[in-house]
Amino acid sequence: MSEPASSPSEVLFPAPDAPAGTYKLDLKLGFRCNNKCVFCVQGDKRDHVLDLSTEEALERLRHARAHCDGLLLTGGEITIREDVPEIIAAAKAMGYTTIQVQTNGRRLAYKSYAQALVEAGATEFNPSLHGHVAALHDGLVGAKGAFVQCTAGIKNLTDMGQRVLTQTVITRQNVTFLPQIARLLVSLKVSQIQFAFVHALGTAAETWDDTVPRYRDVQRYLPLALDIVRAAGIFTITEAVPFCFLRGREWAAIEPRLPSTTVYDGDIEIGDYERYRMEAGKLHGPPCEKCTWNQACEGPWREYPEKYGWDEFVPRDDVPPDLR
Ligand code: SF4
């Protein structure tokens, strides 16, 4: 086991003198996973970045507590580790007020395990469901049986009255089925449903032609999915869908409401994740120069226009409301 590290060795985009308790920590415990998603943004790390040891994870929680009071535990797939209840309990004892578990949801099919995470102190769960039927979901995540397990896990959590905030990655394979996926998630009585445009890094960069859809296709199917969820009285949000593709559904964009976040990712600390998105991750292009939503909009992940160009992006000329 390697020596405990109090913090990652390299800091990018440092947080500007963040007052105590104003940030959320996104702590990646490692990149091993029992799925093999075709769209995984971290897929290139799974074989060569070591998971944190328990002690390293706890040291990082202590280190970040100075400016963070919210916590997202993620990976990789964290539930394949045996120390997650211990890490959650320690985070709770340190005073983290919200403790989210991001997961592929499979192990939560075991009710005793879901119960153990709740008893340890988890306050919210972020399972990922990418299809409305097993063939679609299992194909996208590369694991037979994953759909049955994930939906059973979601049901276990909602039966326990837990807050379940789901994530669906929008890909070429599932874009036409977004309304059906929305209907399934509504029937599972989750608390929030997020649709996130695939970020073409890691495995998604390798599988691009099969995996990355065009925004014009997202624009055809996403509004109906959002409307289905909203009509059911469930909160729904989008990620990485610029406002020129969200006309009439601007209320769904998560970016204006994201909390300030610090990310610990292997040996790298991204102190201010919003700065990373704006200065390195996302891009504005020629259409954005005359777009009235320029200030409110982060633009797409840069890989998309770098490959497909800006032809689909039509600048807006209406005045944006305050979306926070
Ligand atoms: S700023 Fe650019 S990406 Fe954003 S809505 Fe306007 S044209 Fe689209």
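Residues numbered from 1 in each chain as written. Predicted model: local features only at pLDDT ≥ 70, side-chain atom pairs only at ≥ 80, totals over all residues. Heavy atoms only, no water.

**Digging into the overall build of the chain**
Operational definition: In this description a helix means any DSSP run of H or I spanning at least four residues, a strand means any run of E spanning at least two, and both kinds are numbered starting from the N terminus. Restricting the calculation to C-alpha atoms gives the radius of gyration, and the globule rule supplies 2.2 Å times the number of residues raised to the power 0.38. Residues are treated as being in contact if the distance between any of their heavy atoms lies within 4.5 Å.
Counting its secondary structure elements, the chain contains 12 helices and 10 strands. Scaling as 2.2 N^0.38, a compact globule of 324 residues should have a C-alpha radius of gyration of about 20 Å, and the chain matches this with 19 Å. The principal-axis extent of the C-alpha atoms belonging to the chain is close to 55 × 45 × 35 Å. Across the chain, contacts joining residues at least 24 apart in sequence account for 74% of those joining residues at least 6 apart.

**What about empty space enclosed by the protein?**
Which entries qualify depends on this criterion: In this analysis the probe radius is 1.4 Å and the grid spacing 1 Å, with only protein atoms considered; a cavity is a set of points the probe fits into but cannot get out of, a pocket is an open set with protein on both sides within 12 Å along at least five of seven lines, and lining residues have an atom within 4 Å of a point. Grid points are joined across faces, edges and corners, and a volume is the space filled by probe spheres set on the points. When residues are grouped by polarity, Ala, Val, Leu, Ile, Met, Phe, Trp, Tyr, Cys and Pro land in nonpolar, Asp, Glu, Lys and Arg in charged, and all others, Gly among them, in polar.
What the rule picks out here adds up to five cavities of 30 Å³ or more. There is about 110 Å³ of room inside the largest cavity. Lining the largest cavity we find 16 residues, and of these Pro242, Cys244, Cys288, Cys291 and Cys297 sit closest to its centre. In terms of residue class, the lining of the largest cavity is built from 13 nonpolar, three polar and no charged. The volume enclosed by the second largest cavity comes to roughly 60 Å³. As for the second largest cavity, its lining consists of Ala240, Val241, Pro242, Phe243, Ala253, Glu255, Pro256, Lys282, Ala296, Cys297, Glu298 and Gly299. Split into classes, the residues belonging to the lining of the second largest cavity amount to eight nonpolar, one polar and three charged.

**Considering the site of the ligand**
For clarity, the cut-off: Being near a molecule or strand, for a residue, comes down to having at least one heavy atom within 4 Å of it. Put plainly, a molecule is in a cavity or pocket when over half of its atoms are within 2 Å of the grid points there.
Taken together, Pro242, Phe243, Cys244, His284, Cys288, Cys291, Asn294, Cys297, Phe313 and Pro315 are the residues near the ligand. Under a 2 Å grid-point criterion requiring more than half of the atoms, the pocket assigned to the ligand is the largest cavity. In the shell around the ligand, the residues fall into eight nonpolar, two polar and no charged.

**Things to note about the pattern of salt bridges**
For clarity, the cut-off: A side-chain nitrogen of Lys or Arg and a carboxyl oxygen of Asp or Glu constitute a salt bridge if their distance falls within 4 Å. Between buried and exposed lies partly exposed: a residue is buried under 20% and exposed over 50% of the maximum accessible area for its type, with that area taken using a 1.4 Å probe on protein chains only.
Counting across every chain of the model gives 20 salt bridges. For Lys282, the salt bridge identified is with Glu255, shortest N-O distance 3.2 Å. Separated by 27 residues along the polypeptide, Lys282 in the loop between α10 (273-281) and α11 (286-289) and Glu255 in the loop between β8 (235-239) and β9 (261-265) bring together distant segments of the chain. Take Lys282 and Glu255: they sit in the same class, and that class is buried. Here the salt bridges share partners, and the residues they tie into one network are Glu255, Arg277, Lys282 and Glu298.

**Brief notes about the side chain of Glu250**
Inclusion rule: What qualifies as a polar contact is a pair of N or O atoms within 3.5 Å, subject to a donor-acceptor requirement within protein and to the restriction that residues adjacent in sequence count only when both atoms come from side chains.
Tracing the backbone shows Glu250 in the loop between β8 and β9. One polar contact links Glu250 to Arg316, side chain to side chain, over a distance of 2.7 Å.

**Comments concerning the layout of surface pockets**
If you add up the space inside the second largest pocket, you get close to 330 Å³. Contributing to the lining of the second largest pocket are 21 residues, with Glu255, Pro256, Glu274, Ala296 and Glu298 lying nearest its centre. Here the lining of the second largest pocket gets four residues from one element, more than from any other, and that element is α10. In the lining of the second largest pocket, the residues fall into 10 nonpolar, five polar and six charged.

**Regarding the sheet that holds strand β7 (residues 192-197)**
Stated precisely, the cut-off is as follows: At least two DSSP bridges between two strands are needed for those strands to be called paired. To define axes, lines are fitted to C-alpha atoms, for helices over the stretch in contact only, and angles between the resulting N-to-C directions are given on a 0 to 180 degree scale.
Sheet architecture is open: 10 strands sit in the order β1-β10-β9-β2-β3-β4-β5-β6-β7-β8, paired in mixed fashion. Since the sheet does not close on itself, it has two edges, and those belong to β1 (10-12) and β8, each with one partner. Strand-to-strand twist across the sheet, computed as the mean angle between neighbouring axes with direction ignored, equals 20°. Relative to strand β6 (residues 163-170), strand β5 (residues 124-127) runs parallel, the two sharing two bridges. Across the sheet, residue Phe125 finds its bridge partner in β6, namely Val164.

**Focus on the environment of Leu58**
Inspection of the secondary structure puts Leu58 in helix α1 (residues 54-64). Residue Leu58 is classed as buried on the basis of its relative accessible area, which comes to 9%. Setting aside chain neighbours within four positions, we find Leu58 in contact with Ile87, Ala90 and Met94.

**Looking at the packing of helix α6 (residues 178-187) against helix α9 (residues 215-231)**
A packed helix pair is summarised by two numbers, namely the angle formed by the two axes and the spacing between the axes. Inclusion rule: For classification purposes, angles smaller than 35 degrees are called roughly parallel, those larger than 145 roughly antiparallel, those between 65 and 115 roughly perpendicular, and all remaining angles oblique. Each crossing is labelled by how the near helix is turned from the far one, with a counterclockwise turn of less than a right angle marking it left-handed and a clockwise turn marking it right-handed.
Closest axis-to-axis distance for the α6/α9 pair is 8 Å, and the angle between their directions is 15°. Judged by the angle between their axes, α6 and α9 are roughly parallel. In this structure, α6 crosses over α9, and the sense of that crossing is right-handed. Touching Leu178, Pro179, Ala182, Arg183 and Val186 of α6 are Tyr221, Leu222, Leu224, Ala225, Ile228 and Val229, all from α9.

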